[in-house]
Amino acid sequence: MTAPLTPPPPNDDPWQAPPPPGPGARSGERGELRADVRDGVAVLLAVTALGAALGLLWALLAPRVPLISDGQAVFLRDTEGEAAVGADGVFALLALAFGAVSAAGVFWYRRRGGIVLVVALALGGVLGSVLAWRLGVWLGPTSDVVAHAKAVGEGVAFDAPLKLGAKGMLLAWSLAATLVHLGLTALFGPRDPEPDPAEPDPFGPAGI
């Protein structure tokens, strides 16, 4: 008569490496990666296209720099004016607002977040800012100052071309979008499930 076979005792070693993921887990990871890339491309294109609205608003709201010609040269009409700096400030404020709005929209679009989404949001902010800058310059007064001065005549004030003096303002959109998105994710994003108190802690006294 033989003794009944007993199953081997379970391995409770907390330091043992977990088993390798099966084919189903790897397929799920690839699917999530494809979804992240697809959403990232959509965010990048949408945020970049939004730069057209920023450029239009900047061209409408930026203060103008008045110039005047004496028939031989062109001068600033108001040498102590701050309109040129004001154009940079208006661009920065609009870019910050667009960054906050785009970050809120992306968070509403996919609350789960992810590094791909954050990178797409930041890169889209830079591309959108460049688009807004070039579009605003194109929509503003002509860049041919000499021809403009001849067209209006001697002693008549006209607007200088719209310029962005501080190119660092092109990063305002991305900075605001990244910070707002990270803040929203930290406050309202999905949380990891709480550990079950009934399960023993492998790093506690009983598991060592």
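Keep in mind that this is a model prediction, so the values were computed, not measured. (Residues numbered from 1 in each chain as written. Predicted model: local features only at pLDDT ≥ 70, side-chain atom pairs only at ≥ 80, totals over all residues. Heavy atoms only, no water.)

> Would you explain the overall build of the chain in this entry?
For the chain, the helix and strand inventory stands at five helices and three strands. Starting at the N terminus, the α and β elements of the chain follow one another as α-β-β-α-α-α-β-α. By the burial criterion, 29% of the 208 residues in the chain qualify as buried. Here the analysis covers contacts within the chain between residues at least 6 apart in sequence; of these, 81% occur between residues at least 24 apart. As displayed, the chain has an accessible area near 13700 Å², and 67% of this comes from carbon and sulfur atoms. (Helix = DSSP H or I, 4+ residues; strand = E, 2+ residues; numbered from the N terminus. Buried < 20%, exposed > 50% of the residue type's maximum accessible area, 1.4 Å probe, protein only. Contact = heavy atoms within 4.5 Å. Areas by Shrake-Rupley, 256 points an atom, 1.4 Å probe, with all protein chains shown as cover.)

> Please clarify how the packing of aromatic side chains should be interpreted in this entry.
Each aromatic ring pair is characterised by the separation of its centres together with the angle its planes make. With the rule as written, the count across this model stands at two aromatic pairs. With 5.1 Å between their ring centres and 80 degrees between their planes, tryptophan 58 and phenylalanine 91 make a pair best called edge-to-face. A residue pair is termed long-range when its members are at least 10 positions apart, and tryptophan 58 in helix H1 (residues 23-61) and phenylalanine 91 in helix H2 (residues 83-109) qualify at 33 residues. According to the relative accessible area criterion, tryptophan 58 is buried, its value standing at 0%. By relative accessible area, which is 0% here, phenylalanine 91 ends up buried. (Phe/Tyr/Trp six-rings, centres within 6.5 Å; stacked < 30°, edge-to-face > 60°.)

> Would you take a moment to explain the packing of helix H3 (residues 115-139) against helix H5 (residues 172-188) for this structure?
For any two helices packed against each other, the geometry is given by the interaxial angle and the distance between the axes. Closest axis-to-axis distance for the H3/H5 pair is 8 Å, and the angle between their directions is 155 degrees. When the axis of H3 is compared with that of H5, the two are roughly antiparallel. For the crossing formed where H3 meets H5, the hand is right-handed. Contacts between H3 and H5 involve Val118, Leu121, Ala122, Gly125, Val126, Gly128 and Ser129 from the first element and Trp173, Ser174, Ala177, Thr178, His181 and Leu182 from the second. (Axes fitted to C-alpha atoms, helices over the stretch in contact; angles between N-to-C directions. Parallel < 35°, antiparallel > 145°, perpendicular 65-115°, else oblique. Left-handed = near helix turned anticlockwise from the far one by under 90°.)

> Explanation requested: the nonpolar core in the structure shown.
Of all hydrophobic cores here, the largest spans 24 residues; its most connected members are Val43, Leu54, Trp58, Phe91, Leu121 and Trp173. Elements supplying a minimum of two residues to this core: H1, H2, H3 and H5. When residues no more than four places from it in sequence are discounted, the contact partners of tryptophan 173 are Val47, Leu50, Gly51, Leu54, Ala95, Phe98, Gly99, Ser102, Gly125, Gly128 and Ser129. (Core = buried A, V, L, I, M, F, W, Y, C linked by side-chain atoms within 4.5 Å.)

> Please explain H5 as it appears in this structure.
Along an α-helix, a turn takes 3.6 residues, which lines up residues three or four apart on a common side. Its 17 residues give H5 an end-to-end C-alpha distance of 24 Å, which sits within 8% of 24 Å, the value for a rise of 1.5 Å per residue. Among all positions in H5, only Ala172, Trp173, Ser174, Ala176, Ala177, His181 and Leu184 are buried. (Expected span 1.5 Å × (residues − 1).)

> Please clarify how the side chain of aspartate 39 should be interpreted in this entry.
Mapping aspartate 39 onto the fold places it in helix H1. Since its relative accessible area comes to 9%, aspartate 39 is described here as buried. Within the structure, the side chain of aspartate 39 is placed 3.0 Å from the side chain of tyrosine 109, a separation counted as a polar contact. Those residues within four positions of aspartate 39 in sequence are excluded, and the remaining contacts are Tyr109, Arg110 and Leu117. (Polar contact = N/O pair within 3.5 Å; in protein donor to acceptor, adjacent residues only side chain to side chain.)

That is the geometry; function is a separate question.
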